[in-house]
Amino acid sequence: MNLDWALGRLTLDALPQELVTQGGAVLMILSGLAVVAALFYFKRWRWLWRWLTSLDAKKIGVMYVVVAVIMMLRGLADALMIRAQQALAAGDSTGLFSSDTVQQVFSAHGTIMIFFVAMGLMFGLINLVLPLMLGARDVAFPFVNSVSFWLFAVGMVLANVSLVLGGFSPGGWLGYPPLTEMAYNPGPGVDYWIWALQIAGVGSLLSGINFLVTILKKRAPGMTLMKMPLFAWSILVTTLLIIFAFPILTATLGMLSLDRLMDMHFFTSDGGGNPMMYINLIWAWGHPEVYILVLPAFGIFSEVVATFSRKKLFGYGTMVWALFGITFLSFIVWLHHFFTMGAGANVNAFFGITTMIIAIPTGVKIFNWIFTMYRGRVRFSVPMLWFMAFVITFTIGGVSGVLMSVPAIDFQVHNSLFLVAHFHNVIIGGVIFGFFAGLNYWFPKVFGFTLHEGLGKLSVYAWIVGFMVAFLPLYALGLMGVTRRLDHYTDPGGWQVLFIVAGVGVLIIALGAGLQILQLIVSIWQRKKRRDTTGDPWDGRTLEWSVPSPAPFYNFAITPKVTERDAFWEQKEAIKRHEKQEKPKYQSIMLPKNSSIGLIVGGFAFCIGFGLIWHMWWLVALGLVGVIVCVIVRCSNDTVEYELSATELEKFDKQYRRQHA
Amino acid sequence: MSQAERAAEAEQTQTKYLGFWIYLMTDCILFASVFATYIVLRENTFGGPGGGELFDMPFVLIQTLLLLTSSFVCGLALLAARARKKAAVIGWLIATFIFGAAFLVLELSEFIKLIGEGHGWQASAFLSSFFTLVGLHGAHIAVGLLWLVVIVWQIMRLGFTAGTTRRLTLFSLFWHFLDVIWICIFTIVYLMGVL
Amino acid sequence: MKTALKIILPLILIGMLAAGGFVFFQSVDVAVLNPQGEIADKQRTLLLFASALSLIIIIPVYMLLVFFAWRYRDSNKKAAYRPNWANNKWLEITWWGIPCILIAILAVVAYRTSHELDQFRPLDSDVKPVEVQVVALQWKWLFIYPEQQVASVNLMPVPEKTPINLSLTSDAPMNAFWVPSLGSQMYAMSGMSSKLHILANHTGDFNGSSANISGEGFADMAFTVRSQTREDFDAWVDATRGHAEGLDMTLYEELAKPGTVDQPVFYTLADAQLYDKIVMKYMMPPASDEKSEDEQDHESHDAHMGHEMEGM
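All values reported here derive from a predicted model rather than from experimental measurement. (Residues numbered from 1 in each chain as written. Chains lettered and ligands numbered in written order. Predicted model: local features only at pLDDT ≥ 70, side-chain atom pairs only at ≥ 80, totals over all residues. Heavy atoms only, no water.)

Undergrad: Sorry if this is basic, but what is going on with the overall build of chain C here?
TA: When helices and strands are counted, chain C shows 7 helices and 12 strands. Computed over the C-alpha atoms, the radius of gyration of chain C is 27 Å, more than 25% above the 20 Å expected from 2.2 N^0.38 for a compact globule of 312 residues. For chain C, the spread of C-alpha atoms along the principal axes amounts to about 90 × 45 × 40 Å. By sequence separation, contacts in chain C at least 24 residues apart represent 69% of the contacts at least 6 residues apart. Working note: accessible area of chain C is about 15,300 Å², and carbon and sulfur atoms make up 60% of it. Within chain C, one finds 23 positive and 37 negative side-chain charges whose respective centroids are separated by 23 Å. (Helix = DSSP H or I, 4+ residues; strand = E, 2+ residues; numbered from the N terminus. Rg over C-alpha atoms; globule rule 2.2 N^0.38 Å. Contact = heavy atoms within 4.5 Å. Areas by Shrake-Rupley, 256 points an atom, 1.4 Å probe, with all protein chains shown as cover. Lys, Arg positive; Asp, Glu negative; His and termini not counted. Charge placed at Lys NZ, Arg CZ, Asp CG, Glu CD.)

Undergrad: Explanation requested: the state of the cysteines in the structure shown.
TA: Cysteine pairs can be covalently joined through their sulfur atoms, and such a bond is termed a disulfide. On inspection of all chains with the given rule, the structure shows 0 disulfides over all chains. Distance from the sulfur of A:C607, which forms no disulfide, to the nearest cysteine sulfur (A:C630) is 11 Å. For A:C607, a relative accessible area of 16% corresponds to the buried category. Cysteine B:C184 is unpaired, with the sulfur of B:C28 as its nearest cysteine sulfur at 7.6 Å. (Disulfide = S-S within 2.5 Å. Buried < 20%, exposed > 50% of the residue type's maximum accessible area, 1.4 Å probe, protein only.)

Undergrad: What is the right way to look at the pattern of salt bridges in this model?
TA: Close approach of charged atoms lets side chains of opposite charge pair. In total, this model carries 27 salt bridges over all chains according to the counting rule given. When the shortest N-O distance is used, the salt bridge between C:E160 and C:K161 registers 3.3 Å. Residue classification places C:K161 among the partly exposed positions, given a relative accessible area of 48%. It is possible to trace a salt-bridge network through shared partners that takes in A:R310, A:D536, A:D539, A:K572, C:D74 and C:K77. (Salt bridge = Lys/Arg side-chain N within 4 Å of Asp/Glu carboxyl O.)

Undergrad: Help me understand the side chain of C:D118, please; the structure alone is not making it clear to me.
TA: Take C:D118: it is sitting in the loop between α3 (89–116) and β1 (130–137). Beyond its immediate chain neighbours, meaning those up to four positions away, C:D118 contacts A:A345, A:F411 and C:T113.

Undergrad: It is not clear to me how the packing of helix α14 (residues 417–447) of chain A against helix α15 (residues 453–479) of chain A should be interpreted in this structure. Could you clarify?
TA: Axis angle and axis distance: for two packed helices, these are the angle between their axes and the distance between the axes, and together they describe the pair. Residue and element names in this part refer to chain A. Two elements in contact, α14 and α15, have axes separated by 7 Å at closest approach and are oriented at 160 degrees. Comparing their axes, α15 and α14 come out roughly antiparallel. Read as a crossing pair, α14 and α15 show a hand that is left-handed. Side by side, α14 and α15 meet where L417, F418, V420, A421, H422, H424, N425, I428, F433 and F436 of the first sit next to W463, F467, F471, L474, Y475, L477, G478 and L479 of the second. Grouping the amino acids of the contact of α14 with α15 by side-chain chemistry returns 14 nonpolar, 4 polar and no charged. (Axes fitted to C-alpha atoms, helices over the stretch in contact; angles between N-to-C directions. Parallel < 35°, antiparallel > 145°, perpendicular 65-115°, else oblique. Left-handed = near helix turned anticlockwise from the far one by under 90°. Nonpolar A, V, L, I, M, F, W, Y, C, P; charged D, E, K, R; others polar.)

Undergrad: What's the story with the domain arrangement of chain A in this structure? I'm lost.
TA: A common way to report how large an interface is uses the accessible area buried once the components associate. Residues and elements named next belong to chain A. Taken as a whole, chain A is organised into domain 1 (16–52) and domain 2 (53–595 + 640–659). Measuring from the centre of the C-alpha atoms in domain 1 to the corresponding centre in domain 2 gives 26 Å. Taken together, the contacts link 12 residues of domain 1 with 14 residues of domain 2. Buried area between domain 1 and domain 2, both sides added, is near 1,200 Å², and the carbon and sulfur share of it is 69%. For the domain 1 face of the interface with domain 2, the top three residues by lost area are M28, W51 and L52, together amounting to 47%. For the pair domain 1 and domain 2, the interface holds 0 salt bridges. The interface formed by domain 1 and domain 2 holds 8 residue pairs in polar contact (both at pLDDT 80 or more) in total. Sorting the residues of the side of domain 1 that touches domain 2 by element identifies α2 (19–41) and α3 (45–52) as the ones contributing at least two each. For the side of domain 1 that touches domain 2, the element with the highest residue contribution is α2, accounting for 6 residues. Partitioning the side of domain 1 that touches domain 2 into residue classes produces 8 nonpolar, 2 polar and 2 charged. (Domains from an automatic or database assignment. Buried area = accessible area lost by both parts, 1.4 Å probe. Polar contact = N/O pair within 3.5 Å; in protein donor to acceptor, adjacent residues only side chain to side chain.)

Undergrad: How should I be thinking about the interface of chain C and chain A in this particular structure?
TA: Taken together, the 86 residues of chain C in the interface contact 92 residues of chain A. Carbon and sulfur atoms make up 70% of the surface buried where chain C meets chain A, a total of about 7,900 Å² over both sides. It is C:L65, C:W95 and C:I213 in chain C that bury the most area against chain A; as a group they hold 9% of the surface buried on that side. Counting every contact that joins chain C to chain A gives 1 salt bridge. In this structure, C:D74 engages A:R310 in a salt bridge whose closest nitrogen and oxygen atoms are separated by 4.0 Å. Summed over the shared surface of chain C and chain A, the number is 29 residue pairs in polar contact (both at pLDDT 80 or more). Those elements that place two or more of their residues in the side of chain C that touches chain A are α1 (2–26), α2 (38–71), α3, β7 (185–188) and β9 (204–210) of chain C. For the side of chain C that touches chain A, a count of residues per class yields 53 nonpolar, 23 polar and 10 charged.

Undergrad: What should I look at first to understand the pairing of strand β4 (residues 155–159) of chain C in this one?
TA: It is a general feature of regular strands that their side chains alternate between the two faces of the sheet. Counting buried positions over the 5 residues of β4(C) gives 5, a clear majority of the element. Neither face of β4(C) is left uncovered, since the one carrying C:L155, C:P157 and C:P159 and the one carrying C:M156 and C:V158 both have all their residues buried.

Dropping the structure here:
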């Protein structure tokens, strides 16, 4: 009986051929096996199942962050490989890896860092913090939240399975056709890239809808929009960006996959296809995407700077307007990613000018943060140090962005290492430093103990120095005429030296990451000593600090009533003024039951993706049917919540509050 | 139902309506991206025929009438649901299904005819975008029909609960939305193709 | 003493780095800042101008950050503490206003230079331009000189001080033609013909590369623009035309197969329509015998109109 159809185009050739990819695959598989072994040894399967099927945003948030951190290690490993290659492959040397491997590595690096590290950290922090900050119990759609996470995880899994079976796309993180069409890349690599992003993208879109409805519908009574913390505002505009941008990604990747799977001609060289259309569409998504990443980071800084300056945020209203300005503008700048594609002087000028206008509200925000410090009492704990690192670093990236917004300048530096330096500058300096600040800031609320300060501070310094040493040389190299994505080069003078310096820089960054891992391990080791007994380790201003640490599974025993901005600060001030406190009146509440359907939908989504990549059509059909059945089962189930009675609630509340002095 | 459950249910309905509206907006943008691509690529026939040569307007007009009727009877089903007339609701929903399915059958037959004549989606960028845009709408219709079956079955089994009424309302939103998309397709693809 | 050291030592370190950097960058060619061509020259001026404008903003940002961090640190109880001070109209007007003015200036400059340095815009010059048709291949560059009836691979000889009018296409994935010493990039795309105008101020060899990834051999897309005296250029043309192998469609198709070229190769241009044929390859299905001549002409004319990039 011929079973070839069952495996599609999957053969033993799909296993890695080069030593480095074999090594990576083995490392990955061994790590996975180690985790499984640990679960058996510590008998934690039931515990794990409760986590995986949880609809509690706080648990989902932790899972997002865990995936993102693991992916950051993978992305850093990719970065080290790229730097090593470019430091060595001068003149006749071909470096350590084949051209194809290097191209897969930098494509994987970009894809993983944007989609699984940055998006993962972002969705993780939003899940952990947003409901608490709004005085809510959970997000608007806890089940959809779980589905979103699992789709994200499946996308991540697909991207990593490519290391073991078939290899990844060598087409860059945005996969421009016609290079990513069947004519030039018929293998599974590009398909892995497409479906990992497509599946994770659906998850992101659902999250965008979820968080927007949460902000609009689930705020505590009395919390008008203008009384929300600024982090919540930053998430609101981010969800608007997600809602408008991600469908474009879905459509574009969909059309590229139709070109590849069904021989269509959207973006092919022949048949009337138009690759320029892809570039326009993908950047119409791509530019809002980078603002999706950075605006939550800005929101985090607004919270951190105010709290650690012990002062109100300067210019709340302006900050909100600036967010909306940036959001609106980010939809009309996308052409600056391809000034050199020949749209003509007027079109280029228009998009260049809209791009440079974005610098204005962004700059305003930086001034507002700095003037929040003015006449405050600034404590330089780790989150505040990350803010300082952000201003120092991101400003340079902002400047290089404004320089490139001038089309005639961009004609010289487009796609060079100058560009690479710019976007790493703003993403590391803005997005990553912001998320690191958030992780350090909110860690005690999630886990109940603080992170080690000394190691945290060292990691900040390592990241700043590492960043400068790794990326300032890249600005220079770009101006010296070095284009991006080279796997070898003839060195006309000075290139290799600068590549080596950049390589040292990435090692310093890796040291910074190592220090962060150490910080985590040491903090866990010292957790009893570092316990957050008050729930308010930073003298915070917003509602999440009003609940015990770690936050109870129901968030608030009694939904708070809000009267002012900085609601928790106001509560504390009221207590200081000896205002009469209302006696707590407990009422029964409804909470979502656990559900395994999110996980199962993820599994079927994996089937669809894997099946499409390897042309295993039966698997695709199975996956589609599976997803449909799951949806029907869930929608036919009207008992998805359970009731926590008032007495039980009171018991929990008193117990949590008693555990803390 | 306890008081907590009742309050939660009412709030859930409002929340779910808002969430679904926002989802429809995202679906709008999905279609907009494919529309934009169609408009850019519609002249790229790669030496082959364009819309003017291929579209059968009377046929398309019949399709349009079928879909509009389907939407209309769906509206009647909603009215009957407000009045809690279970039999009428199920009847009108079955009619919705029949008209919607007829639309889809006609559309598929148009596709099969084109493919048979050698004007499949592989032939040119124009045809790729045509099949994808119209096919995307058709896929949405198919999902809607499946959803409709589940809703009919649920109403038969459970009657008018908060959940089933809510889902019926959301379905009708979805169905009317697809109608609007079809009007856009009719105008931009077919009408502007033959003019 | 300790605080003084904390400030002085890093400053010394930075000073040393700056000195080292200065020495290093004097010894290498920073192509974008060391223009050899008219366009690149204007672009450098623009870059320096925009950088200077940016300094007006970032220097105050850094100064304020450091000063406020020091003065308003928690341990400094002497500094004023106004926990509820969160608005100041004049400050906001300043930091909205000054950036607006700077951006307005930059916007005007950006608009003007976007036109002045538009790749499609021919250069102002009395000298008769040299036409070069560029074809990006996997993984080499083909340069066709239609008037001189020669062609070359990976080496583009040009006369100095003469406008070079480039038409660019690709018979490969999307590429980008970039010679930073001379200025401006332009994408080279299959089925389309884009334009670029450059001029070399004096003789010399200038490095070029492709600025868009095009597959495995992408890093080998390095080429050289050799600016020569008019006499040397004409001598090269005369030595090549009629003596080098004739490049027709058949030989071209051999050349176009995936692979790299170690040394520049020269050809006589045996087919004057070669470039147009390469562009048209993607716009029509393979020619069928049943089509009439008129039909083919009509279709190719329309397709040509559709894909000629005139700077929409």
